[in-house]
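So you can see what is in the structure, the chains are spelled out below.
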Amino acid sequence: MQDPETSWILQAQQGNSDAFAYLVEKYQRPVFNLCYRMLGNSEDAEDAAQETFLRSYHSIRRYDRNRSFGTWLLSIAAHYSIDQLRRRRYPIVSLDDLPVSDIPEKAPGIEDRLSDKETRERIRALLDILDPVDRAVVVLYYWYDLPYDEISEILSLTISALKSRLHRARRAMAAEWGNKNPEIAQQERMQHETSTI
Amino acid sequence: MKHQPFENWIFSDQPLDPTDQQALDDHLKSCESCQGLQSSWNRIRGEFTASPMIKPTAGFTKRWELHLEEQRRQIRHRQSFVFLGFNIGAVVMIVLLMALLSTPMLRAPNLVFWASIYRLLPIAQVWDILQDLSIALIILFEGSWSVLSLLWFFPILGSIFALSVFWFTSLRRLTSIRKVIE
């Protein structure tokens with residue numbers, strides 16, 4: 001018996017937009033998260049995620065059912081976000097940007113929200129220094145736990161190029177972090193030294 | 001000071017073997033730069049791992065359906081503009097062609113006028129034929145109506161009613177707003 005997702009895909013391939021809406025419902029979060037991490041603010045992420053689903057709806061007949069549907073969607077989202085970043089002349093910084101996070105079951109206190117926002121800002125600032133493709137590599141590696149071969153398939157890279165980009169991105173982010181937070185870096189170095197002694 | 005292969009080891013995903021780990025620890029004791037990179041990278045990795053997936057605001061699927069409808073409307077709009085443009089283009093071409101063909105006739109306009117009147121005569125004859133045909137049809141219909149029994153009247157009425165219902169249902173299905181999944 002077919003699982004519901006395969007059935008929705010088959011129906012969507014026959015032009016049923018209601019069936020595709022179920023797929024949108026299921027995959028909205030991973031697609032939105034990728035767009036958000038790539039573009040850095042929720043307005044652009046919403047537009048990019050919507051555009052990803054529209055493009056995938058129009059090209060679903062070309063989708064190969066031997067591939068994972070999620071990977072196919074992420075590939076469209078990643079390439080679209082990379083294009084958007086390349087077109088962008090000026091970086092957009094939205095300080096009041098607070099999309100819905102998944103953590104709290106209970107209502108978060110103001111401190112939690114501030115800390116959450118600060119963490120997001122720090123992550124955004126780190127990802128901002130990266131080249132669009134390197135940024136996509138980092139996001140797909142750390143937020144989706146995808147293996148190298150799947151990320152290389154999504155971004156049309158060889159595995160060695162992917163590893164090299166990942167290494168370069170990690171080094172650049174670590175250097176940026178050290179420059180931006182010299183006190184914390186110093187403190188941690190001292191802790192490290194004490195522990196080794 | 002040489003920082004390779006220590007930098008590679010700092011950013012590696014794979015656990016190091018004990019000899020390499022020892023070499024890295026020894027290097028970190030003396031190299032402030034690599035120490036800084038390692039502590040920064042550990043911190044960043046921690047933040048990445050702790051940061052959850054962000055989800056969109058509620059109603060994403062509904063917004064997508066509205067976008068799809070809007071896109072379809074725009075495509076229909078564009079297609080009708082293309083169709084209209086094609087027709088206008090065709091009409092302009094025909095008018096230009098006619099103007100080109102009728103240019104020699106304009107040298108003698110009175111001849112063109114009488115020729116047009118002459119060409120209208122067959123149309124008047126066609127009109128007479130149509131009138132005769134319509135009178136014949138009316139006579140035939142009135143005659144057949146008196147011949148039709150009451151048994152035929154009800155099936156014809158029923159068919160007309162069924163066709164009306166079918167037409168109305170189709171129209172409703174075509175014009176109704178699409179279902180939206182919450």
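No experiment lies behind these values; they were computed from the predicted model shown.

Calculation rules
- Residues numbered from 1 in each chain as written.
- Chains lettered and ligands numbered in written order.
- Predicted model: local features only at pLDDT ≥ 70, side-chain atom pairs only at ≥ 80, totals over all residues.
- Heavy atoms only, no water.
- Helix = DSSP H or I, 4+ residues; strand = E, 2+ residues; numbered from the N terminus.
- Buried < 20%, exposed > 50% of the residue type's maximum accessible area, 1.4 Å probe, protein only.
- Areas by Shrake-Rupley, 256 points an atom, 1.4 Å probe, with all protein chains shown as cover.
- Contact = heavy atoms within 4.5 Å.
- Buried area = accessible area lost by both parts, 1.4 Å probe.
- Salt bridge = Lys/Arg side-chain N within 4 Å of Asp/Glu carboxyl O.
- Expected span 1.5 Å × (residues − 1).
- Phe/Tyr/Trp six-rings, centres within 6.5 Å; stacked < 30°, edge-to-face > 60°.
- Disulfide = S-S within 2.5 Å.
- pLDDT = per-residue confidence, 0-100.
- Patch = residues over 30% accessible without salt bridge, like charges linked within 9 Å, V, L, I, M, F, W, Y side chains within 5 Å.
- Core = buried A, V, L, I, M, F, W, Y, C linked by side-chain atoms within 4.5 Å.
- Domains from an automatic or database assignment.

Undergrad: Sorry, what's going on with the overall build of chain B here?
TA: The helix and strand inventory of chain B stands at six helices and zero strands. Beginning at the N terminus, the succession of helices and strands in chain B can be written as α-α-α-α-α-α. When each of the 182 residues of chain B is scored for burial, the buried share is 17%. Summing over all exposed atoms, chain B offers an accessible surface of approximately 14600 Å²; the carbon and sulfur share of this is 71%.

Undergrad: Before we go on, may I ask you to explain the interface of chain B and chain A in this structure?
TA: Note on interface size: it is often stated as the accessible area lost on association of the parts. Counting residues at the interface gives 39 residues for chain B, matched by 54 residues for chain A. Between chain B and chain A, a total of about 4700 Å² is buried, with carbon and sulfur atoms accounting for 61% of that surface. When the area that chain B buries against chain A is broken down by residue, the three leading residues are Phe48, Met53 and Ile54 of chain B, summing to 18%. For the interface between chain B and chain A, the tally reads four salt bridges.

Undergrad: So what exactly am I meant to see when it comes to helix α4 (residues 60-102) of chain B here?
TA: Three- or four-residue spacings in an α-helix give side chains the same orientation, since the helix completes a turn every 3.6 residues. Helix length check: α4 of chain B, at 43 residues, gives a terminal C-alpha distance of 63 Å against a target of 63 Å (1.5 Å per residue), a fit within 8%. Turning to α4 of chain B, its buried residues number three or more, namely Phe60, Thr61, Trp64, Glu65 and Leu68 of chain B. Considering only its buried residues, α4 of chain B is in contact with α2 (17-39) and α3 (42-58) of chain A.

Undergrad: How should I be thinking about the pattern of salt bridges in this particular structure?
TA: Note that side chains of opposite charge can pair when their charged atoms are close. Residues and elements named next belong to chain B. All told, the structure shown has 18 salt bridges over all chains when counted by the stated rule. Here Lys29 and Asp26 are joined by a salt bridge, their closest N and O atoms 3.9 Å apart. Placement of the pair is Lys29 and Asp26 together in helix α2 (residues 18-30), with a separation of three residues, close to one helical turn. On the basis of relative accessibility, which here comes to 39%, the residue Asp26 falls in the partly exposed class. A salt bridge links Arg72 to Glu69, with the shortest nitrogen-to-oxygen separation between them at 3.2 Å.

Undergrad: What exactly am I supposed to notice about the packing of aromatic side chains here?
TA: Under the defined criterion, the tally for this structure stands at 17 aromatic pairs over all chains. Plain terms: the ring middles of Phe53 of chain A and Phe60 of chain B are 5.7 Å apart, the flat faces sit at 70° to each other, and that makes the pair edge-to-face. Linking Phe53 of chain A in helix α3 with Phe60 of chain B in helix α4, this pair reaches from one chain into another. Across the pair, Phe60 of chain B and Phe53 of chain A agree in class, each one buried. Centroid distance Tyr142 of chain A to Phe48 of chain B: 5.4 Å. Interplanar angle 50°. Geometry classified as tilted.

Undergrad: Would you mind going over the state of the cysteines with me for this structure?
TA: By definition, a disulfide links two cysteine residues through a covalent bond between their sulfur atoms. Per the stated rule, a full pass over the model turns up zero disulfides over all chains. Looking at the unpaired Cys31 of chain B, the closest cysteine sulfur is the one in Cys34 of chain B, lying at 3.6 Å.

Undergrad: I would appreciate a short explanation of the confidence of the model for chain A in the present structure.
TA: Residues shown with low pLDDT carry predicted positions that ought not to be read at fine detail. Per-chain confidence: chain A averages 84 in pLDDT, with 78% of residues scoring 70 or above. Contacts from residues 103-107 of chain A, a stretch scored under 50 in pLDDT, to residues over four places away or in other chains number one contact.

Undergrad: Hey, could you run me through the confidence of the model for chain B in this one?
TA: All names here are of chain B. Residue-level pLDDT values for chain B average 83, and 91% of them are 70 or greater. The secondary-structure element of chain B with the lowest mean pLDDT is helix α5 (residues 109-147), recorded at 81, while α4 shows the highest, at 90. As scored by the predictor, the complex reaches a pTM of 0.68 and an ipTM of 0.77.

Undergrad: Before we go on, may I ask you to explain unusual backbone geometry in this structure?
TA: All names here are of chain A. Of note, Asp145 is a non-glycine position whose phi angle comes to about 50°, a positive value. Within the secondary structure layout, Asp145 lies in the loop between α6 (132-144) and α7 (148-155). When its relative accessible area of 67% is taken as the criterion, Asp145 is described as exposed. A positive phi is found at Ser156, a non-glycine position, where the angle reads about 55°. As for its placement among the helices and strands, Ser156 is situated in the loop between α7 and α8 (159-180).

Undergrad: So what exactly am I meant to see when it comes to a nonpolar patch on the surface here?
TA: On the surface, a nonpolar cluster with roughly 660 Å² of combined accessible area is contributed by Val126, Trp127, Leu130, Leu133, Leu137 and Leu140 of chain B. Summarising the element assignment, Trp127 of chain B is placed in helix α5.

Undergrad: Help me understand the nonpolar core, please; the structure alone is not making it clear to me.
TA: In a soluble, globular protein the nonpolar side chains are often hidden away together inside. If you look at the biggest cluster of nonpolar residues, it comprises 74 residues, and the most contacted ones within it are Phe20, Phe69 and Leu155 of chain A. With twelve residues, α2 of chain A is the single largest residue contributor to this core. The two domains that each donate at least three residues to this core are domain 1 (4-50) and domain 2 (60-107) of chain B. When neighbours within four sequence positions are excluded, Leu155 of chain A is seen to be in contact with Ala78, His79, Ile82, Val133, Ala136, Val137 and Leu140 of chain A.

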